[in-house]
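The primary structure of each chain is shown beneath.
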Amino acid sequence: MARDSLRDGHGRLIEDLRLSVTDRCNLRCAYCMPAEGLPWLAREEVLSFEELARVVALLAQMGVVDVRLTGGEPLVRRDLPVLVAMLRRIGELRELSLTTNGLLLERDAPALVAAGVDRFNVSLDSVDRERYAELTRRDALPRVMCGLRRLAEVGCPGPIKVNAVALRGYTEREVLPLAEFARQGRFEVRFIEFMPLDADRAWQRERVLTGAEVRAAIDAVHPLVEEPREPSATARTFRFADGRGRIGFVNPVSEPFCGDCNRIRLTADGHLRTCLFSLNETDLRTPLRAGADDDELEQIVRAAVWRKELKHRVDEPGFIQPERTMSAIGG
Ligand code: SF4
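Sequence positions are assigned chain by chain, starting from 1 and proceeding in written order. Owing to the predicted nature of the model, reporting of local features is limited to residues with pLDDT of at least 70; listing and counting of side-chain atom pairs is limited to 80 or more, with chain, interface and lining totals taken over all residues. By convention in this description, side-chain values take in all heavy atoms of the structure and omit both hydrogens and water.

Asker: What exactly am I supposed to notice about empty space enclosed by the protein here?
Answerer: Leftover empty space is mapped by rolling, across the atoms, a probe with the size of a water molecule. The method works on a 1 Å grid over the protein atoms by themselves. A cavity is a set of points holding a 1.4 Å probe that cannot get out, a pocket is an open set with protein on both sides within 12 Å along at least five of seven lines, and residues with an atom within 4 Å of a point line them. Grid points are joined across faces, edges and corners, and a volume is the space filled by probe spheres set on the points. Applying the stated criterion across every chain yields a total of 2 cavities of 30 Å³ or more. Space inside the largest cavity adds up to approximately 950 Å³. In terms of lining, the largest cavity is formed by 50 residues, of which the most central are Ile192, Met195, Met326, Gly330 and Gly331. Those elements that provide at least two residues to the lining of the largest cavity are β2 (66–70), β3 (95–100), β5 (160–166), β6 (188–193), β10 (263–266) and α10 (326–329). All amino acids are sorted into three groups, where Ala, Val, Leu, Ile, Met, Phe, Trp, Tyr, Cys and Pro are nonpolar, Asp, Glu, Lys and Arg are charged, and the leftover types, Gly among them, are polar. Taken together, the residues of the lining of the largest cavity sort by class into 23 nonpolar, 13 polar and 14 charged. One number sums up the size of the second largest cavity: a volume of about 40 Å³. Runs of E in the DSSP output that reach at least two residues are strands. Runs of H or I that reach at least four are helices, and both are numbered from the N terminus.

Asker: Can you walk me through the site of the ligand in this structure?
Answerer: A molecule or strand has a residue near it when one of that residue's heavy atoms lies within 4 Å. Within the structure, the ligand sits among Phe257, Cys258, Cys261, Arg263, Arg265, Cys275, Leu276, Phe277, Lys308 and His312. Structurally, the ligand is housed in the largest cavity. Considered class by class, the residues forming the shell around the ligand number 6 nonpolar, 1 polar and 3 charged. More than half of a molecule's atoms lying within 2 Å of a cavity's or pocket's grid points is what places that molecule inside it.

Asker: Explain the layout of surface pockets here, please?
Answerer: Of the pockets and cavities examined, the largest pocket occupies roughly 730 Å³. Looking at the largest pocket, it is lined by 27 residues, and the ones nearest its centre are Arg119, Lys161, Glu230, Pro231 and Ala233. Listed by contribution, the elements that provide at least two residues to the lining of the largest pocket are β1 (16–20), β2, β3, β6 and β8 (235–240). It is β2 that contributes the most residues to the lining of the largest pocket, 3 residues altogether. In terms of residue class, the lining of the largest pocket is made up of 6 nonpolar, 5 polar and 16 charged. Considering the residues around the second largest pocket, the lining is formed by 16 residues, among which Thr22, Arg43, Val76, Arg77 and Arg78 are closest to the centre. Across the lining of the second largest pocket, the residue classes break down as 8 nonpolar, 2 polar and 6 charged.

Asker: Explain the nonpolar core to me, please; I cannot follow it from the model alone.
Answerer: Inside soluble globular proteins, nonpolar side chains tend to come together where they are buried. Residue types Ala, Val, Leu, Ile, Met, Phe, Trp, Tyr and Cys, when buried and joined through side-chain atoms within 4.5 Å, form a set referred to as a nonpolar core. To sort residues, take the accessible area from a 1.4 Å probe on protein chains only and compare it with the maximum for the residue type: under 20% means buried, over 50% means exposed, and anything in between is partly exposed. Core analysis: the largest hydrophobic core is formed by 102 residues, its most contacted members being Leu19, Leu87, Leu148, Phe191, Ile218 and Ile247. It is helix α1 (residues 49–61) that provides the largest number of residues to this core, a total of 8 residues. Among residues more than four places away in sequence, those in contact with Ile218 are Val175, Leu176, Ala179, Phe191, Leu224, Phe240, Ile247 and Phe249. Working rule for contacts: check all heavy atoms of both residues, and any pair within 4.5 Å makes them a contact.

See below:
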């Protein structure tokens, strides 16, 4: 059943849902969480596959047709391909993508692609084993590389993107090795500016290595040509002038892209976030479990989205970091 499309109070059409299926993760990236991890949600707090699929189906009827599965680390959620298959049966769904740290990708890539994942984003902040372990606190680079190779073998309809968080004082030495990795042509590397969503609350503006700086370092060695920006895209994408691959830059801090934002998020415990940096959330789990019908849920969603923030205020005086951290939002 089609419903009216979903718009926010600024007239922006909402078409993209970032769906966190767990807050748990099998890595301990220093820019995200402490070495000891975080207190995880209790199982009963996390939405079941049926609840997740019901909310996605309702949102898809309102035109939210692109869904990205995130975490924590989504592949630590047992039987994830079952959820993928359930979502794939939602007729209105256009694209189903997944963001993963790749540790379990070699095991799960065939089943995920068979179940219906169109494209993948794999987090990879370094291609050097020691430096990867230094940042993620896990000696897991070989597993990620095996996962990427397995995914490339299996093949998926869309691009395989590799996301590297750009941190001043760390990433400068990774820029050219990651650019070379992109030039191999099978994976599109994207550098993402460090955002104030870390559990240690240690983010500082000075620690942001900007997209412009990373791009300049690459362009000096391998000239880049910018490609037209897709509407609502988060990345500025470039191809290497010599035709060997593509590379992207997601610059939420230095070049915010909020003007045509079409995204909302649902946390693993059923809270709707209208912006990555929202200070408020709307609880959908309680009405969902209290027997609300789809029309009632629709009204709750519309009211929340109508109040969607115009933009983030990261670089503004008085910016307040959200209570919920990146690992519990899912990017
Ligand atoms: S910061 Fe918020 S408004 Fe800006 S692009 Fe991200 S989700 Fe959209």
